[in-house]
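Here are the chains, one letter per residue:
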Amino acid sequence: MTSTPVLPFYTFEEFLQDGSYTLAVLANSAHLTYFKKSNNPVLKKIYHKLIAPHESSLPPHYIPLIANVCVYPKYAIRMIDKVVLEQSAKLNCSLTKVHGTSMKSTWSFIIRKRDPYTGILIHTLHNMLRSGILQALEKRTLPSENLDTQEEIRSVTIIQVAPILVALIAGLSLSILLLIIAKGIQSVKSMHWSIDIE
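From a predicted model like this one, the values you see are computed outputs, not experimental measurements.

Observations concerning the pattern of salt bridges
And then number 1: With the rule as written, the count across this model stands at two salt bridges.
And then number 2: Residues Lys36 and Glu55 are paired through a salt bridge, measuring 3.1 Å at the closest nitrogen-oxygen approach. A residue pair is termed long-range when its members are at least 10 positions apart, and Lys36 in helix α2 (residues 30–36) and Glu55 in the loop between α3 (41–51) and α4 (62–71) qualify at 19 residues.
And then number 3: The class for Glu55 is partly exposed, based on a relative accessible area of 23%.
And then number 4: Between Arg112 and Asp115 there is a salt bridge, and its shortest N-O distance comes to 3.6 Å.
And then number 5: On the basis of relative accessible area, Arg112 is assigned to the exposed category, the value being 60%.
And then number 6: For Asp115, a relative accessible area of 19% gives the class buried.

Examining helix α6 (residues 118–131)
And then number 1: In this model α6 runs 20 Å from its N-terminal to its C-terminal C-alpha over 14 residues, within 8% of the 20 Å that 1.5 Å per residue would give.
And then number 2: Gly132 lies just past α6 and shows a positive phi near 90 degrees.

Describing the packing of aromatic side chains
And then number 1: Under the counting rule described, the total for this entry stands at six aromatic pairs.
And then number 2: Measuring from ring centre to ring centre gives 6.3 Å for Tyr34 and Phe35, while their planes differ by 85 degrees; the resulting arrangement is edge-to-face.
And then number 3: Ring pairing ties together the aromatic residues Phe9, Phe15 and Tyr21, which thus form one cluster.

Quick notes on a nonpolar patch on the surface
And then number 1: A contiguous nonpolar patch, built from Ile158, Ile159, Ile164, Leu165, Leu168 and Ile169 and spanning about 650 Å² of accessible area, is present on the exposed surface.
And then number 2: Tracing the backbone through its elements, the reader meets Ile158 in helix α8 (residues 158–197).

Calculation notes
Residues numbered from 1 in each chain as written. Predicted model: local features only at pLDDT ≥ 70, side-chain atom pairs only at ≥ 80, totals over all residues. Heavy atoms only, no water. Salt bridge = Lys/Arg side-chain N within 4 Å of Asp/Glu carboxyl O. Helix = DSSP H or I, 4+ residues; strand = E, 2+ residues; numbered from the N terminus. Buried < 20%, exposed > 50% of the residue type's maximum accessible area, 1.4 Å probe, protein only. Expected span 1.5 Å × (residues − 1). Phe/Tyr/Trp six-rings, centres within 6.5 Å; stacked < 30°, edge-to-face > 60°. Patch = residues over 30% accessible without salt bridge, like charges linked within 9 Å, V, L, I, M, F, W, Y side chains within 5 Å. Areas by Shrake-Rupley, 256 points an atom, 1.4 Å probe, with all protein chains shown as cover.

Following this line, the structure appears as structure tokens:
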């Protein structure tokens, strides 16, 4: 995320080549570890060139980290979209998402090997997942909107939908025709069958 509306980069490679931005992450966070211990040479270079020089001054909490985007020029942050979206209403600048820098992440529990409560924990989490409790908690605690501008709902005319309607009507007509032909063939066969018996 950055406050610059038009960016000279769209991927981590271009971000590294540009080199004019500072990249910040939360202090002692998974994002910091991801860059620091990455096997990807580009991400490792980004860490050494753009994060490590100011690692000791990284904010420990996400509110000052997000606020710094509006305060410092050419300042970018790496953070979970939903957290940024939640705080973006409180900012005095608008943020721009760099789409080519998305990373998949997972959340997990760490428990001791052979912990006696492992089975209960797994069973409870599966039940919560199946019943929708986890999804409800996610929706309640993290907003589901995207950082991008929301799509506006547009009405469509009958002309724009006409090809779909024609395909549906043609398919329906063809299926009715095939049904009539099949019934006709069946009745002709049953007439021949009854004539042969007599």
